[in-house]
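Topology and contacts: notes
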Amino acid sequence: MKKLLSNALVFVLVLCALTGCGGTADKPEGGEQQPEGESQQTEGGTIEVDFWSSPEQFNLTFWTNYAEKFNATNTQMDGKTVVVKVQMMPAQPSSEAGLQNAIATKTVPAISENINRNVASIFADAQAIYDLQEEEWFQTAVENRKLQNILNGWELDGAQYVMPLYVNPIGYAYNSKALSALDITEVPKTLDDFYALLDSYAASEEALKEEGVTHFFYRDMLLMPGNYWERWFDVQSQYNAFAKGSAMYSQKELTVDKEALTKVYEMYGNMGKSILTGSIENFWQQETVPAVMGIGCPWDVAGNTAAGKIYGMDGDYVFGPTFVEKDGDEAYNYGDTKGLVMYKGNGVSEEEHAAANMFMDWVFNGGGKDTFDIDWVTTTTMLPVRGDLSENESMAAFFEENPAMREISAFIGSAVPGFVNESEADMLIQLGEQSLAPMVNYVAELDIHTNPDVSAYVDKAVEAMQGAGRFTE
């Protein structure tokens, strides 16, 4: 995760982008594709479509492959051949900063990926990206990929600026062998289930230590407030479940549900000294995993598999959802999710935008449609976004071979994209420094499930976010 530029620099960059923005171009009539494999170009020349991939080799490989396949179709527009050129986006000091600089200097590509909801909001305010609802390819892809409900979380003032590409829903990971030692046969789903597991651990704590399980919960990042994005995973994901998917803050106001946030803090408070906060590299790949549970990060799966760890209740580790207050409630979670946007003006001509639409149409509705999801997950190791992912025929063989990813895919429908505010980084850093870390240090000396009063720390969290977000009372 990369930290955004300071708010002041963000405003300078996006204000520079307000000039020179072009209008929306309709998809041209008469776009044609030549037979696959023919590489001749028409006498009319070419229309180059610039595409910036995420600053990861996996993503560059994926999009280069799809651009080459599309280019081989020799798709024509107004007598010209559409050619897609892919390069990795600049990533210093961050990928977001590189994109913001491109907007300011009018050197944006026609398309880029690596955009989360918060960044999309900033770019939309600068009128630098298109509302994709106006594009025919997007409308068709939403229907084909069953995205209607998922897109509710991406909406910004009635518009849809992002085509979501991947999502990492954040729940919990469990040490299967520790669960077995506690005679637990299924992962907790409700808050009562969680406390029952915690109490079971407390009753067997000394016996588990002899087996190498020294703590209940592993989370070293609780004491690293500077890594603001970690609050998405250890605070906001569980908050989403207790707040029933409602936002903690918006661009204009602090909307935090104190009751929901209190329940999150009470969970950590009741774990007390059983929280392991020391850093252990490749925690889930240890020969003996020293905790019962921790944050469930989908990106750990590839490393666990490579280390020979077996997924499942009878194996080494297993995933579970965020906790709900009662059976039947939806287990909302934080969706670590990004997608692609199409840039408006700032060096992108209406002709290039129209040609970019043709590439998007080919990827999601044409020649790339049937292979996109399986190619994406096998190349990037991230789950593609679609509403029917767990039942999609193209993914059946992959999920059969990768049961951990199949389990995670069940949480996608309840994943909530990040909240939107330009001061998010500052707010979450302050939440960590002034509230979360002090609370974790306070309970580090307390016994398990002593129901400590965390209200002062919750009040401090609200106060810290209020100040950092410069909200008015």
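What you are looking at is a predicted structure, and each value in this text was computed from that prediction instead of being measured. (Residues numbered from 1 in each chain as written. Predicted model: local features only at pLDDT ≥ 70, side-chain atom pairs only at ≥ 80, totals over all residues. Heavy atoms only, no water.)

1. Observations concerning the overall build of the protein chain
- Within the protein chain one finds 17 helices and 11 strands.
- Against the compact-globule benchmark of 23 Å for 473 residues, the protein chain has a radius of gyration of 24 Å, which places it among compact chains.
- On the principal axes, the C-alpha backbone points of the protein chain span a range of 80 × 50 × 35 Å.
- For the protein chain, buried positions account for 57% of its 473 residues.
- In the protein chain, the share of contacts with a sequence separation of at least 24, taken over all contacts with a separation of at least 6, comes to 79%.
- As displayed, the protein chain has an accessible area near 19,200 Å², and 46% of this comes from carbon and sulfur atoms.
- Within the protein chain, one finds 29 positive and 70 negative side-chain charges whose respective centroids are separated by 3 Å. (Helix = DSSP H or I, 4+ residues; strand = E, 2+ residues; numbered from the N terminus. Rg over C-alpha atoms; globule rule 2.2 N^0.38 Å. Buried < 20%, exposed > 50% of the residue type's maximum accessible area, 1.4 Å probe, protein only. Contact = heavy atoms within 4.5 Å. Areas by Shrake-Rupley, 256 points an atom, 1.4 Å probe, with all protein chains shown as cover. Lys, Arg positive; Asp, Glu negative; His and termini not counted. Charge placed at Lys NZ, Arg CZ, Asp CG, Glu CD.)

2. Some words on the pairing of strand E10 (residues 333–342)
- Taking burial as the measure, the 10 residues of E10 include 10 buried ones, the bulk of the element.
- In the sheet, strand E4 (residues 111–115) pairs with E10 via 3 bridges, with the strands oriented antiparallel. The partner of isoleucine 115 across the bridge, within E10, is glycine 339.
- Sheet analysis places strand E5 (residues 163–175) next to E10, joined by 7 bridges and oriented antiparallel. The partner of proline 169 across the bridge, within E10, is glycine 335.
- The pairing of E10 with strand E11 (residues 415–416) spans 2 bridges and is parallel. Across the sheet, tyrosine 334 pairs through a bridge with valine 416, a residue of E11. (Pairing = 2+ DSSP bridges.)

3. Observations concerning the layout of surface pockets
- The volume enclosed by the second largest pocket comes to roughly 400 Å³.
- Contributing to the lining of the second largest pocket are 21 residues, with Arg117, Leu156, Ser250, Gln251 and Val420 lying nearest its centre.
- Here the element with the most residues in the lining of the second largest pocket is helix H4 (residues 117–125); it accounts for 4 residues.
- Of the residues belonging to the lining of the second largest pocket, the class tally is 9 nonpolar, 8 polar and 4 charged. (1 Å grid on protein atoms, 1.4 Å probe; cavity = no way out; pocket = protein on both sides within 12 Å on 5 of 7 lines; lining within 4 Å. Points joined across faces, edges and corners; volume = space filled by probe spheres on them. Nonpolar A, V, L, I, M, F, W, Y, C, P; charged D, E, K, R; others polar.)

4. Let's talk about the pattern of salt bridges
- This structure, assessed with the given rule, holds 17 salt bridges.
- The partner of glutamate 325 in a salt bridge is lysine 263, with the nearest N and O atoms 3.7 Å apart. Of this pair, glutamate 325 sits in the loop between strand E9 (317–320) and E10 while lysine 263 is found in helix H10 (residues 258–271), placing the two residues 62 residues apart along the sequence.
- Across the salt bridge formed by lysine 273 and aspartate 447, the nearest N and O atoms sit 3.0 Å from each other. On the criterion of sequence distance, the pair formed by lysine 273 in the loop between H10 and strand E7 (275–276) and aspartate 447 in the loop between helix H16 (424–443) and helix H17 (455–468) is long-range, its members being 174 residues apart.
- Taking the relative accessible area as the measure of exposure, lysine 273 reaches 41% and is therefore partly exposed. (Salt bridge = Lys/Arg side-chain N within 4 Å of Asp/Glu carboxyl O.)

5. Regarding the packing of H10 against H16
- Running from amino to carboxyl end, H10 crosses H16 at an angle of 35°, the nearest separation of the two axes being 8 Å. Pair H10 / H16 crosses with right-handed handedness. Residue-level contacts link Tyr265, Tyr268 and Gly269 of H10 to Leu431, Ser435, Leu436, Met439 and Val443 of H16.
- Classifying every residue of the contact of H10 with H16 by side-chain character gives 6 nonpolar, 2 polar and no charged. (Axes fitted to C-alpha atoms, helices over the stretch in contact; angles between N-to-C directions. Left-handed = near helix turned anticlockwise from the far one by under 90°.)

6. Details of a negative patch on the surface
- There is a patch of like negative charges on the surface, built from Glu186, Asp192, Asp193 and Asp327.
- Among the structural elements, aspartate 192 can be located in helix H7 (residues 191–203).
- The class for aspartate 192 is exposed, based on a relative accessible area of 59%. (Patch = residues over 30% accessible without salt bridge, like charges linked within 9 Å, V, L, I, M, F, W, Y side chains within 5 Å.)

7. Notes on helix H5 (residues 136–144)
- Every buried residue belonging to H5 is among Trp137, Phe138, Ala141 and Val142, and all of these are buried. Seen from one end, H5 has its buried residues packed into an arc of 135°, which puts them on one side. Counted as exposed and oriented over 90 degrees from the buried face of H5: Glu136 and Glu143.
- As for H5, its buried residues are in contact with E5, E10 and helix H12 (350–365).
- Once H5 ends, the next one or two residues include lysine 146, with phi positive near 55°. (Arc of directions from axis to C-beta.)

8. Remarks on the packing of H16 against H17
- Where H16 contacts H17, the axes come no closer than 7 Å and their chain directions differ by 165°. If you check the angle between H16 and H17, you find them roughly antiparallel. H16 and H17 meet at a crossing whose hand is right-handed. Seen from H16, the contacting residues are Asp426, Met427, Gln430, Leu431, Gln434, Ser435, Pro438, Met439 and Tyr442; seen from H17, they are Tyr457, Lys460, Ala461, Ala464, Met465 and Ala468.
- Looking at the contact of H16 with H17 residue by residue, the classes come out as 10 nonpolar, 3 polar and 2 charged. (Parallel < 35°, antiparallel > 145°, perpendicular 65-115°, else oblique.)

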